[in-house]
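Understanding the architecture of this molecule
Residue-level listing of the chains:
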Amino acid sequence: MQIRYILLSLLLSLSFEVSSRVIIENATLIDAESPTRINMTLVLQEDEIVYIGKTRLKEIPFQEDDTVIDATGKFIIPGLWDAHVHLTFIPELDYQTAYKLFLKNGITSIRDTGAVIEKLRPAIEFAENNPLKTPRLFYSGPLIDGIPRVYKGSEPGFPELSVGVSKDTDKSLLVDNLVQEGVSFLKTYEMLTPEDFKELQEIAEQRNLRVTSHIPLSMDLIDAVDAGLDGMQHIRNLELACAEEAGDMLIKRKQLLENEDLLPGSSLRSKIHGLQRPKALMNINEQRCNEVIKYLSSNNVYQTPTLTINTVGSKRFFANKEWQETYNFLPEKVKKEWLQNSKNLAKQPIDKSFKNYEKWSFKIVSLFTKHKVKIIAGTDTPIGFLTPGFSLHKELELLVEAGLTPIEAIKAATITPAEFFDLDGKMGSIEVGKRADLLILNNNPSLNIKHTRDIATVISKGSIYID
């Protein structure tokens, strides 16, 4: 016992005298990689977990500025990710408000999946200069789209989020410039040609960047995977690959993409989806669909289903008074607009197509689980009245409704997004040497995923977050 105490004293004091520690005792630890551990003590030093064990508080040599948390009866999970956000989608919903709401809800890491760098730069610089006031920020920069691009900023509901490329674009220069801007990955989009898509994949691989995508409408999904695709968003266009007449539909899409009527990109994409999605969902080839999903699994293509946005028209969270109360945390102008629009939309009948897409989305997530496809939790906030932070907990509930266990849902919001960035050795679970992003919960989330909402304390980058 004496030897153990001496070793522990050395471990806890060596080289750490100059900075404060957070010491948590009597905790139950829950993550997606380890069995549940009860009555544990954790020591956090700066942004690192430096000790986990059964040592009692009285055995730990104190420092004057240590902070001690008694977690008796409470449960600790890793900090959560929302791996599909758009910080610049609604300019009036400023990034500082979004950051506060993410941290308030225990989202300690976010992945921005589409923003023009010039518009995102203030959020990037704020995160760099105020690390304890922001979640960890990973970002792709603009959606890299074809021509005509969808998010051009000239049509209502489609702000400028993208850059358009063609065969004449110097794509290596484009990617190198994004690397200089600090992007963590690339996001490719629906109007790309197969040639441009494949070239971007090759360049990204050379730069050691992962690519996530909406499958281009001009491509077969299998061809996109074979080109090296790393991830997909919203299960978008998967229904087209699963359709009975997938080959004929691809030929028709290519004809529509000739765009003889010179439609804007947003209108052209909507036209194609409107013509083909309902037809595809009514004629799914089950065998083909299972084979496609097995192919996604075997090729390690990460999926971010975003069930919150996929079901916004059918489940209508925005019509719920409790959900509308989350708008109180938004800037006044946004709050008023969301509340009024929510009430107006709630009066409209639910289109059958919304219910069909909900059913499809849940079915696909259950197949992902069956075939061991890697699932990442993300929401698309702030689109669809999805309040930053709060919406991630709704996403976890929907993932469980679609067939994941609570622990699998927690994995989708912790270790799997970290793995996408090859950071699973540094974050995503509760282990010595990993980053100190933790949630202390009042109830056990492995029994009920809704307990991730019941947060006692948020610890981000080793510091207790004070709202």
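Definitions and cut-offs
- Residues numbered from 1 in each chain as written.
- Predicted model: local features only at pLDDT ≥ 70, side-chain atom pairs only at ≥ 80, totals over all residues.
- Heavy atoms only, no water.
- Disulfide = S-S within 2.5 Å.
- Helix = DSSP H or I, 4+ residues; strand = E, 2+ residues; numbered from the N terminus.
- Buried < 20%, exposed > 50% of the residue type's maximum accessible area, 1.4 Å probe, protein only.
- Pairing = 2+ DSSP bridges.
- Right-handed = clockwise from strand over helix to strand, strands pointing away.
- Contact = heavy atoms within 4.5 Å.
- Salt bridge = Lys/Arg side-chain N within 4 Å of Asp/Glu carboxyl O.
- pLDDT = per-residue confidence, 0-100.
- Axes fitted to C-alpha atoms, helices over the stretch in contact; angles between N-to-C directions.
- Parallel < 35°, antiparallel > 145°, perpendicular 65-115°, else oblique.
- Left-handed = near helix turned anticlockwise from the far one by under 90°.
- Nonpolar A, V, L, I, M, F, W, Y, C, P; charged D, E, K, R; others polar.

Let's shift gears to the state of the cysteines. Scanning the model with the defined rule gives one disulfide in all. Sulfur-sulfur distance for the disulfide between cysteine 242 and cysteine 289 comes to 2.4 Å. Handedness of the cysteine 242-cysteine 289 disulfide follows from its S-S torsion of about 70 degrees: it is right-handed. In this pair, cysteine 242 is assigned in helix 7 (residues 238-242) and cysteine 289 in helix 10 (residues 286-298), connecting sequence segments 47 residues apart. Assessed through its relative accessible area of 0%, cysteine 242 is described here as buried. With relative accessibility at 1%, the residue cysteine 289 sits in the buried group.

Within strand 6 (residues 80-85), six of the six residues are buried, leaving the element largely enclosed by the surrounding structure. For strand 6 and strand 7 (residues 107-112), the ladder comprises four bridges, and the chain directions are parallel. Residue leucine 80 lies in a different strand from strand 7, and its bridge partner there is isoleucine 107. Remark: the strand 6/helix 2 (residues 95-104)/strand 7 crossover connection has right-handed handedness.

This next bit is on the environment of histidine 371. Among the secondary structure elements, histidine 371 is positioned in the loop between helix 15 (352-370) and helix 16 (390-401). Ignoring anything within four residues of it in the chain, the contact list for histidine 371 reads Asn290, Ile293, Lys294 and Ser297.

Throughout the structure, instances matching the rule amount to 28 salt bridges. One salt bridge in this structure joins glutamate 92 and lysine 333, with 3.8 Å as the shortest N-O distance. Of the two residues, glutamate 92 sits in the loop between strand 6 and helix 2 while lysine 333 sits in helix 14 (residues 332-346), which places them 241 residues apart along the sequence. Lysine 333 sits in the partly exposed class, given a relative accessible area of 47%. Each of the salt bridges in this network shares a partner with another, and the network as a whole consists of Lys315, Lys355, Glu358 and Glu401.

A word on the confidence of the model for the protein chain. Overall, the prediction assigns the protein chain a mean pLDDT of 94, with 96% of residues at 70 or greater. Scored below 50 in pLDDT, residues 1-18 makes 24 contacts in the model with residues more than four places away or belonging to other chains.

So, on to the packing of helix 10 against helix 15. For the pair helix 10 and helix 15, interaxial distance at closest approach is 10 Å and the crossing angle is 55 degrees. In terms of axis orientation, helix 10 runs oblique to helix 15. Note on packing geometry: the crossing formed by helix 10 with helix 15 is right-handed. Residues Glu286, Cys289, Asn290, Ile293 and Leu296 of helix 10 form the contact with helix 15, whose participating residues are Trp360, Lys363, Ile364, Leu367, Phe368 and Lys370. Per-class residue counts for the contact of helix 10 with helix 15 are seven nonpolar, one polar and three charged.

To continue, consider the packing of helix 2 against helix 3 (residues 117-129). Contact geometry for helix 2 and helix 3: axes closest at 10 Å, N-to-C directions at 50 degrees. Taken together, the axis directions place helix 2 and helix 3 in an arrangement best described as oblique. Our pair here, helix 2 against helix 3, has a crossing hand that is right-handed. On helix 3, the residues that touch Tyr95, Gln96 and Tyr99 of helix 2 are Pro122, Ala123, Ile124, Phe126 and Ala127.

Attention shifts here to the pairing of strand 7. The element strand 7 is extensively covered by neighbouring structure, given that six of its six residues are classed as buried. As defined by bridge partners, strand 7 adjoins strand 8 (residues 136-139) across four bridges and the pair is classed as parallel. Bridging from a neighbouring strand, serine 109 pairs with arginine 136 of strand 8. In this fold, the crossover linking strand 7 to strand 8 by way of helix 3 has right-handed handedness.

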